[in-house]
Amino acid sequence: MTSTLDLTGVPCPMNWVRTKLALESLEPGEELSVALDDGEPIESVPRSAREDGHEVTVQGNIVNIVKR
Amino acid sequence: MSLSDQELERYSRQLVLPEWSGAAQEQLKSATVVVVGAGALGSPVATYLAGAGVGRLAIVDPDPVELSNLSRQFLHFTPDIEMNKAESAAAKISFLNPEVIAESYPARVEEDNAASIFLGADVVVDCTDTFESRYVINDACCAIGLPLVEGGVLGLAGMVMSIRPGESACYRCAFPTPPPDDAVPTCQEAGVLGPVAGVVGSIEALEALKLLTGFAEPLTDRILQIDDGGTTQLLVRTSRRDGCPACARVPAATQSP
(Lines give C-alpha, C1' and ligand atoms only; values in the text may rest on other atoms or scores of the structure.)
Protein backbone atom coordinates (compact mmCIF):
# COMPACT_ATOMS: atom_id res chain seq x y z
CA MET A 1 0.00 0.00 0.00
CA THR A 2 1.27 3.47 -0.89
CA SER A 3 0.72 6.48 1.38
CA THR A 4 0.42 9.88 -0.29
CA LEU A 5 1.39 13.35 0.79
CA ASP A 6 0.61 16.60 -1.05
CA LEU A 7 3.37 19.05 -0.23
CA THR A 8 2.82 21.45 -3.12
CA GLY A 9 3.11 24.98 -1.76
CA VAL A 10 5.29 23.78 1.14
CA PRO A 11 8.79 25.30 0.89
CA CYS A 12 12.17 23.80 1.81
CA PRO A 13 13.07 22.55 4.31
CA MET A 14 9.57 22.04 5.74
CA ASN A 15 8.69 19.72 2.83
CA TRP A 16 11.54 17.41 3.82
CA VAL A 17 10.61 17.64 7.53
CA ARG A 18 7.08 16.48 6.70
CA THR A 19 8.30 13.78 4.31
CA LYS A 20 10.79 12.51 6.88
CA LEU A 21 8.16 12.34 9.64
CA ALA A 22 5.73 10.56 7.31
CA LEU A 23 8.46 8.01 6.50
CA GLU A 24 9.09 7.50 10.22
CA SER A 25 5.52 6.23 10.64
CA LEU A 26 5.93 3.61 7.87
CA GLU A 27 7.38 0.11 8.04
CA PRO A 28 10.50 -0.75 6.00
CA GLY A 29 9.50 -1.59 2.42
CA GLU A 30 6.32 0.53 2.51
CA GLU A 31 5.95 3.29 -0.06
CA LEU A 32 5.30 6.99 0.21
CA SER A 33 4.30 9.13 -2.76
CA VAL A 34 4.93 12.87 -2.34
CA ALA A 35 3.77 15.71 -4.61
CA LEU A 36 6.22 18.63 -4.60
CA ASP A 37 6.67 22.02 -6.28
CA ASP A 38 9.02 22.36 -9.22
CA GLY A 39 12.45 23.85 -8.65
CA GLU A 40 14.26 23.49 -5.35
CA PRO A 41 11.67 21.20 -3.68
CA ILE A 42 11.65 18.52 -6.42
CA GLU A 43 15.44 18.65 -6.52
CA SER A 44 16.28 18.60 -2.83
CA VAL A 45 13.65 16.28 -1.26
CA PRO A 46 14.67 13.26 -3.40
CA ARG A 47 18.31 13.99 -2.61
CA SER A 48 17.65 14.08 1.15
CA ALA A 49 15.64 10.86 0.92
CA ARG A 50 18.47 9.12 -0.95
CA GLU A 51 21.01 10.40 1.59
CA ASP A 52 18.90 8.78 4.32
CA GLY A 53 19.18 5.48 2.44
CA HIS A 54 15.67 5.21 0.97
CA GLU A 55 14.94 4.00 -2.57
CA VAL A 56 13.74 6.98 -4.60
CA THR A 57 12.18 7.47 -8.04
CA VAL A 58 10.94 10.75 -9.49
CA GLN A 59 8.16 11.17 -12.09
CA GLY A 60 7.31 14.78 -12.93
CA ASN A 61 6.57 16.49 -9.63
CA ILE A 62 5.88 13.20 -7.80
CA VAL A 63 8.55 11.48 -5.71
CA ASN A 64 8.08 7.83 -4.82
CA ILE A 65 10.02 6.71 -1.79
CA VAL A 66 10.38 3.12 -0.60
CA LYS A 67 11.32 3.17 3.07
CA ARG A 68 14.59 1.41 3.80
CA MET B 1 2.25 12.74 21.44
CA SER B 2 2.20 14.58 18.14
CA LEU B 3 3.89 17.80 17.07
CA SER B 4 1.95 20.86 15.89
CA ASP B 5 2.72 22.71 12.64
CA GLN B 6 4.28 25.48 14.73
CA GLU B 7 6.52 22.98 16.52
CA LEU B 8 7.58 21.36 13.24
CA GLU B 9 8.64 24.75 11.95
CA ARG B 10 10.31 25.81 15.22
CA TYR B 11 12.39 22.63 15.32
CA SER B 12 12.78 22.19 11.55
CA ARG B 13 16.53 22.84 11.45
CA GLN B 14 17.22 19.96 13.82
CA LEU B 15 14.47 17.73 12.38
CA VAL B 16 16.25 17.74 9.00
CA LEU B 17 19.41 16.32 10.58
CA PRO B 18 19.86 12.66 9.59
CA GLU B 19 20.77 11.93 13.23
CA TRP B 20 17.54 13.51 14.53
CA SER B 21 13.95 12.31 14.14
CA GLY B 22 10.34 13.03 14.94
CA ALA B 23 10.61 10.36 17.63
CA ALA B 24 13.59 12.17 19.21
CA GLN B 25 11.63 15.42 19.12
CA GLU B 26 8.67 13.81 20.86
CA GLN B 27 11.00 12.32 23.47
CA LEU B 28 12.29 15.82 24.21
CA LYS B 29 8.77 17.20 24.41
CA SER B 30 7.79 14.68 27.06
CA ALA B 31 11.02 15.21 29.05
CA THR B 32 11.74 17.15 32.20
CA VAL B 33 15.24 18.55 32.81
CA VAL B 34 16.40 20.15 36.03
CA VAL B 35 19.03 22.86 35.47
CA VAL B 36 20.83 23.53 38.74
CA GLY B 37 22.32 27.01 38.58
CA ALA B 38 21.13 29.83 36.32
CA GLY B 39 24.51 31.46 35.79
CA ALA B 40 27.27 31.23 33.20
CA LEU B 41 26.68 27.52 32.53
CA GLY B 42 22.95 27.53 33.19
CA SER B 43 22.37 30.29 30.63
CA PRO B 44 23.52 28.30 27.58
CA VAL B 45 22.14 25.04 28.98
CA ALA B 46 18.62 26.40 29.60
CA THR B 47 18.64 28.38 26.34
CA TYR B 48 19.67 25.47 24.12
CA LEU B 49 17.42 22.94 25.87
CA ALA B 50 14.42 25.25 25.60
CA GLY B 51 15.28 26.06 22.00
CA ALA B 52 15.58 22.36 21.18
CA GLY B 53 12.13 21.65 22.63
CA VAL B 54 12.57 20.03 26.05
CA GLY B 55 9.02 19.96 27.41
CA ARG B 56 9.65 21.07 30.96
CA LEU B 57 12.64 22.90 32.42
CA ALA B 58 13.03 23.35 36.16
CA ILE B 59 15.61 26.07 36.85
CA VAL B 60 17.08 26.20 40.33
CA ASP B 61 19.13 29.05 41.80
CA PRO B 62 19.02 30.75 45.21
CA ASP B 63 20.93 33.90 44.28
CA PRO B 64 19.97 37.31 42.92
CA VAL B 65 21.32 38.69 39.64
CA GLU B 66 24.39 40.89 40.24
CA LEU B 67 26.07 43.41 37.96
CA SER B 68 29.22 41.25 37.83
CA ASN B 69 27.16 38.33 36.44
CA LEU B 70 26.20 40.08 33.22
CA SER B 71 29.52 39.56 31.43
CA ARG B 72 28.61 35.91 30.85
CA GLN B 73 25.19 34.98 32.27
CA PHE B 74 23.28 35.96 29.17
CA LEU B 75 19.79 35.04 30.33
CA HIS B 76 19.98 38.05 32.66
CA PHE B 77 19.88 41.70 31.62
CA THR B 78 20.75 44.91 33.46
CA PRO B 79 17.16 45.60 34.61
CA ASP B 80 17.10 42.12 36.22
CA ILE B 81 19.71 43.05 38.86
CA GLU B 82 18.51 41.97 42.33
CA MET B 83 15.86 39.66 40.85
CA ASN B 84 16.24 35.96 41.68
CA LYS B 85 18.28 34.26 38.94
CA ALA B 86 15.98 31.24 38.55
CA GLU B 87 12.97 33.53 38.08
CA SER B 88 14.86 35.83 35.70
CA ALA B 89 16.04 32.86 33.62
CA ALA B 90 12.63 31.16 33.53
CA ALA B 91 11.00 34.40 32.33
CA LYS B 92 13.43 34.63 29.37
CA ILE B 93 12.95 30.95 28.56
CA SER B 94 9.19 31.50 28.32
CA PHE B 95 9.81 34.30 25.81
CA LEU B 96 12.21 32.12 23.84
CA ASN B 97 9.87 29.16 23.64
CA PRO B 98 6.33 29.37 25.02
CA GLU B 99 5.92 25.64 24.26
CA VAL B 100 8.29 24.93 27.16
CA ILE B 101 7.02 24.80 30.73
CA ALA B 102 9.70 26.85 32.55
CA GLU B 103 9.60 26.57 36.32
CA SER B 104 11.82 28.46 38.75
CA TYR B 105 12.98 27.28 42.15
CA PRO B 106 14.71 30.02 44.18
CA ALA B 107 16.54 27.45 46.31
CA ARG B 108 19.96 25.94 46.90
CA VAL B 109 20.13 22.19 46.16
CA GLU B 110 21.17 20.49 49.36
CA GLU B 111 21.18 16.96 50.72
CA ASP B 112 17.77 17.30 52.33
CA ASN B 113 15.90 18.89 49.41
CA ALA B 114 17.63 17.38 46.34
CA ALA B 115 15.32 14.38 46.03
CA SER B 116 12.19 16.54 46.07
CA ILE B 117 13.61 19.08 43.58
CA PHE B 118 14.69 16.27 41.23
CA LEU B 119 11.34 14.44 41.49
CA GLY B 120 9.95 13.71 38.02
CA ALA B 121 13.16 14.69 36.21
CA ASP B 122 14.62 12.69 33.32
CA VAL B 123 18.01 14.40 33.41
CA VAL B 124 19.74 16.82 35.79
CA VAL B 125 22.33 19.28 34.46
CA ASP B 126 24.76 20.58 37.05
CA CYS B 127 25.57 24.22 36.33
CA THR B 128 26.78 25.15 39.80
CA ASP B 129 30.17 26.55 40.65
CA THR B 130 31.37 24.77 43.79
CA PHE B 131 32.81 21.32 44.42
CA GLU B 132 30.54 20.94 47.43
CA SER B 133 27.40 21.31 45.32
CA ARG B 134 28.74 18.89 42.67
CA TYR B 135 29.07 16.11 45.22
CA VAL B 136 25.62 16.85 46.65
CA ILE B 137 24.02 16.76 43.19
CA ASN B 138 26.00 13.69 42.11
CA ASP B 139 25.09 11.76 45.26
CA ALA B 140 21.41 12.68 45.00
CA CYS B 141 21.23 11.63 41.34
CA CYS B 142 23.02 8.35 42.11
CA ALA B 143 20.65 7.62 45.00
CA ILE B 144 17.61 7.85 42.70
CA GLY B 145 19.27 6.54 39.52
CA LEU B 146 18.86 9.81 37.62
CA PRO B 147 21.13 10.60 34.63
CA LEU B 148 23.31 13.65 35.25
CA VAL B 149 25.50 15.98 33.22
CA GLU B 150 28.40 17.39 35.22
CA GLY B 151 30.24 20.49 34.09
CA GLY B 152 32.56 23.05 35.53
CA VAL B 153 34.58 26.03 34.43
CA LEU B 154 37.41 27.94 36.04
CA GLY B 155 39.62 30.47 34.35
CA LEU B 156 40.18 29.29 30.77
CA ALA B 157 39.64 25.61 31.64
CA GLY B 158 36.60 23.41 32.04
CA MET B 159 35.28 19.87 32.10
CA VAL B 160 32.14 17.96 31.13
CA MET B 161 31.09 14.39 31.86
CA SER B 162 27.81 12.50 31.60
CA ILE B 163 26.72 10.03 34.22
CA ARG B 164 24.27 7.15 34.04
CA PRO B 165 24.21 6.03 37.68
CA GLY B 166 24.71 2.29 38.01
CA GLU B 167 26.02 2.05 34.43
CA SER B 168 28.88 4.54 34.13
CA ALA B 169 31.34 6.33 36.40
CA CYS B 170 29.78 8.96 38.63
CA TYR B 171 31.47 12.21 39.62
CA ARG B 172 32.64 10.64 42.87
CA CYS B 173 34.11 7.63 40.99
CA ALA B 174 36.17 10.05 38.89
CA PHE B 175 37.00 12.42 41.74
CA PRO B 176 36.69 10.40 44.97
CA THR B 177 37.76 13.17 47.30
CA PRO B 178 37.03 16.87 47.06
CA PRO B 179 40.16 19.04 46.80
CA PRO B 180 41.12 20.78 50.05
CA ASP B 181 39.20 24.03 50.45
CA ASP B 182 42.23 26.28 50.05
CA ALA B 183 43.60 24.42 46.98
CA VAL B 184 40.85 25.60 44.67
CA PRO B 185 40.46 29.25 43.85
CA THR B 186 36.86 30.39 43.81
CA CYS B 187 35.43 31.82 40.63
CA GLN B 188 35.93 35.25 42.17
CA GLU B 189 39.67 34.68 42.73
CA ALA B 190 40.43 32.82 39.49
CA GLY B 191 38.16 34.81 37.25
CA VAL B 192 36.19 33.46 34.32
CA LEU B 193 35.84 34.57 30.72
CA GLY B 194 32.28 34.46 29.40
CA PRO B 195 32.80 32.51 26.16
CA VAL B 196 34.72 29.75 27.98
CA ALA B 197 31.67 29.14 30.16
CA GLY B 198 29.63 29.29 26.95
CA VAL B 199 31.71 26.48 25.43
CA VAL B 200 31.34 24.28 28.51
CA GLY B 201 27.63 25.03 28.94
CA SER B 202 26.94 24.35 25.26
CA ILE B 203 28.59 20.94 25.56
CA GLU B 204 26.55 20.25 28.70
CA ALA B 205 23.36 21.05 26.76
CA LEU B 206 24.45 18.71 23.96
CA GLU B 207 25.10 15.94 26.49
CA ALA B 208 21.63 16.39 27.99
CA LEU B 209 20.12 16.00 24.49
CA LYS B 210 22.14 12.81 24.00
CA LEU B 211 21.02 11.36 27.33
CA LEU B 212 17.38 12.23 26.59
CA THR B 213 17.15 10.94 23.02
CA GLY B 214 20.13 8.63 22.48
CA PHE B 215 20.80 10.40 19.15
CA ALA B 216 24.56 10.17 19.79
CA GLU B 217 26.93 8.59 22.29
CA PRO B 218 27.17 10.67 25.50
CA LEU B 219 30.39 11.36 27.41
CA THR B 220 29.85 8.47 29.83
CA ASP B 221 32.98 6.92 31.37
CA ARG B 222 34.87 9.82 29.79
CA ILE B 223 35.72 13.30 30.96
CA LEU B 224 36.05 15.99 28.33
CA GLN B 225 38.73 18.32 29.60
CA ILE B 226 38.82 21.75 28.01
CA ASP B 227 41.85 24.02 28.21
CA ASP B 228 43.06 27.26 26.70
CA GLY B 229 39.52 28.50 26.43
CA GLY B 230 38.36 25.61 24.26
CA THR B 231 41.14 25.33 21.70
CA THR B 232 42.60 22.32 23.53
CA GLN B 233 40.33 19.40 24.34
CA LEU B 234 41.32 16.12 25.92
CA LEU B 235 39.14 13.03 26.47
CA VAL B 236 40.12 11.27 29.67
CA ARG B 237 38.83 7.74 30.30
CA THR B 238 37.29 6.99 33.65
CA SER B 239 35.38 4.04 35.05
CA ARG B 240 33.18 2.97 37.93
CA ARG B 241 34.99 2.57 41.22
CA ASP B 242 34.36 -0.50 43.38
CA GLY B 243 32.77 0.53 46.62
CA CYS B 244 32.04 4.09 45.47
CA PRO B 245 29.94 5.47 48.33
CA ALA B 246 27.68 7.28 45.86
CA CYS B 247 26.94 4.77 43.11
CA ALA B 248 28.29 1.29 44.01
CA ARG B 249 24.89 -0.01 45.07
CA VAL B 250 22.75 1.85 42.53
CA PRO B 251 20.69 -0.35 40.24
CA ALA B 252 21.02 0.63 36.58
CA ALA B 253 18.48 3.24 35.53
CA THR B 254 15.13 1.77 34.59
CA GLN B 255 14.74 3.74 31.39
CA SER B 256 17.53 4.53 28.99
CA PRO B 257 16.66 5.36 25.39
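Use the structure listed above.
Read on for a plain summary of the structure. (Residues numbered from 1 in each chain as written. Chains lettered and ligands numbered in written order. Predicted model: local features only at pLDDT ≥ 70, side-chain atom pairs only at ≥ 80, totals over all residues. Heavy atoms only, no water.)

Brief notes about helix H7 (residues 131-144) of chain B
Residue and element names in this part refer to chain B.
- Taking 1.5 Å of rise per residue, 14 residues should cover 20 Å, and H7 covers 20 Å from first to last C-alpha, within 8% of that figure.
- Taken together, the buried positions of H7 are Ser133, Arg134, Tyr135, Val136, Ile137, Asn138, Ala140, Cys141 and Cys142.
- Buried residues in H7 make contact with strand E1 (32-36), helix H6 (114-117), strand E4 (123-126), strand E5 (148-154), strand E6 (157-163) and helix H8 (171-174).
- Count one or two residues on from H7 and you reach Gly145, which has phi positive near 65°. (Helix = DSSP H or I, 4+ residues; strand = E, 2+ residues; numbered from the N terminus. Expected span 1.5 Å × (residues − 1). Buried < 20%, exposed > 50% of the residue type's maximum accessible area, 1.4 Å probe, protein only. Contact = heavy atoms within 4.5 Å.)

A few points about the side chain of Asn113 of chain B
- As for its position among the elements, Asn113 of chain B is in the loop between strand E3 (101-105) and H6.
- Of the polar contacts made by the side chain of Asn113 of chain B, one reaches the backbone nitrogen of Glu110 of chain B; its length is 2.6 Å. (Polar contact = N/O pair within 3.5 Å; in protein donor to acceptor, adjacent residues only side chain to side chain.)

As for the sheet that holds E6 of chain B
Residues and elements named next belong to chain B.
- Taken in spatial order, the eight strands line up as E3-E2-E1-E4-E5-E6-E7-E8 in an open sheet, and their pairing is mixed. A strand with exactly one partner marks an edge of an open sheet, and here the two such strands are E3 and strand E8 (232-237). For this sheet the average axis-to-axis angle between neighbouring strands, irrespective of direction, equals 15°.
- Lying on the sheet, H7 is in contact with E1, E4, E5 and E6; it crosses E5 at an angle near 170°.
- Contacting E1, E4, E5, E6, strand E7 (222-227) and E8, helix H10 (residues 194-213) crosses the sheet at an angle of about 175° to E5. (Pairing = 2+ DSSP bridges. Axes fitted to C-alpha atoms, helices over the stretch in contact; angles between N-to-C directions.)

Fair warning: the whole summary comes from geometry, so function is off the table for now.
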